[in-house]
Amino acid sequence: MNNPENFTDLENDSVDIVKEIRYYTFFWPWFLASVLFMFLSAFVYLRYSNNIFNSAATVQVKDAKSDPSSFLTQSAGAMFNFNRVKIDNYITQITSKPNFKNVIKSLDLQTNIYRVGRVKTTLNFGQDIPFEIDFKTETTFKEGIILNVQDEKPTLEFGNKTYTLTIGQTFELEDFRLNFNKIPEDDLEFLIKRSSETAAMAGLAQSLVVSASSEEGDNIEIVVHGANIKRNEAIINSLIETAHEDQVNEKRQIYALSID
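Here goes a summary of the coordinates provided. (Residues numbered from 1 in each chain as written. Predicted model: local features only at pLDDT ≥ 70, side-chain atom pairs only at ≥ 80, totals over all residues. Heavy atoms only, no water.)

With respect to the overall build of the protein
Argument step 1. Within the protein one finds six helices and twelve strands.
Argument step 2. Restricting to contacts in the protein with at least 6 residues of sequence separation, those with at least 24 account for 71%.
Argument step 3. As displayed, the protein has an accessible area near 17900 Å², and 54% of this comes from carbon and sulfur atoms. (Helix = DSSP H or I, 4+ residues; strand = E, 2+ residues; numbered from the N terminus. Contact = heavy atoms within 4.5 Å. Areas by Shrake-Rupley, 256 points an atom, 1.4 Å probe, with all protein chains shown as cover.)

Some points on the sheet that holds strand E12 (residues 219-226)
Argument step 1. Read across the sheet, three strands follow the order E1-E12-E11 without closing on themselves; strand pairing throughout is antiparallel. Of all strands in the sheet, those with a lone pairing partner are strand E1 (53-60) and strand E11 (208-212), marking the two edges. Taking the axes of each pair of neighbouring strands and ignoring which way they run, one obtains an average angle of 15° across the sheet.
Argument step 2. As judged from the eight bridges shared by E1 and E12, these two strands associate in the antiparallel manner. Note that in E12 the partner of phenylalanine 53 across the bridge is glycine 226.
Argument step 3. Across the sheet, helix H5 (residues 197-207) lies against E11 and E12, angled at about 45° from E11, the strand it touches most. (Pairing = 2+ DSSP bridges. Axes fitted to C-alpha atoms, helices over the stretch in contact; angles between N-to-C directions.)

Section: the side chain of arginine 231
Argument step 1. Tracing the sequence through the fold places arginine 231 in helix H6 (residues 229-259).
Argument step 2. For the buried arginine 231, which has no salt bridge, the nearest side chain bearing the opposite charge is aspartate 108, at an N-O separation of 8.9 Å.
Argument step 3. Leave out the neighbours within four places in its chain, and arginine 231 touches Leu109, Asn112, Leu123 and Phe125. (Buried < 20%, exposed > 50% of the residue type's maximum accessible area, 1.4 Å probe, protein only. Lys, Arg positive; Asp, Glu negative; His and termini not counted. Salt bridge = Lys/Arg side-chain N within 4 Å of Asp/Glu carboxyl O.)

Things to note about the sheet that holds strand E4 (residues 131-135)
Argument step 1. Taking strand neighbours across the sheet as the criterion, the three strands line up as E4-E9-E8 in an open arrangement whose pairing is antiparallel. Pairing within the sheet leaves two strands with one partner each, and these edge strands are E4 and strand E8 (171-172).
Argument step 2. The pairing of E8 with strand E9 (residues 176-180) spans two bridges and is classified as antiparallel. When the bridges of E9 are listed, glutamate 172 appears paired with arginine 177.

Focus: a negative patch on the surface
Argument step 1. On the surface, a cluster of negative charge is made up of Asp151, Glu152, Glu185, Asp186 and Asp187.
Argument step 2. Looking at where aspartate 151 falls in the secondary structure, it is placed in the loop between strand E5 (141-150) and strand E6 (153-158).
Argument step 3. Residue aspartate 151 is classed as exposed on the basis of its relative accessible area, which comes to 63%. (Patch = residues over 30% accessible without salt bridge, like charges linked within 9 Å, V, L, I, M, F, W, Y side chains within 5 Å. Charge placed at Lys NZ, Arg CZ, Asp CG, Glu CD.)

Here it is as structure tokens:
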């Protein structure tokens, strides 16, 4: 049978629940503002930050048994894991300083050309660049050279001076020469930066990962991460081609030594 004390407890419990609800609803604008702020921060970050792409390739190292010079190491094959040594040597060859220098020179990785947009600045490479620029000296341009195209008329801003460029004619200064291949239909702005060879090598080494795909396998995985997919792929192809040429030259020397 219910007594007055039980009714009093129920009444007190209901009052406590109402207080709790009022307490939490008092802070709901702060919770809503926090959620909106996080969504807005994520939107701004994704919109204004540059995308980083990973490009990868797998290289199969030829079995040493098919190499005519393999007889030089056959006697020691029982003592060492020459398959692993072969992989490590090839990785070292790909990431060697001379190989990096050849790749930087062939692709001109010291020069970075950015397209300046309203939202963000993006790195361009290859056919996406409507002009060619050739640096004649090792002078670096950290602040950059500004190239504007307004109403199909290109102008160059450099050294507190503005130069008007002519389509089809080479513009030349002491440090570089520039030639427009085609005039884009839209108004564009480019920022051209030139770094030293040492800085370019450091940037290439930082963006490159070369490793064996497995402990006992004969495949090497090359991964390049950067802001432009075409540039990443060009770096990978150039690394492989340069390392292959070095390997061919090395084998030619071994063949000549073997014949002698």
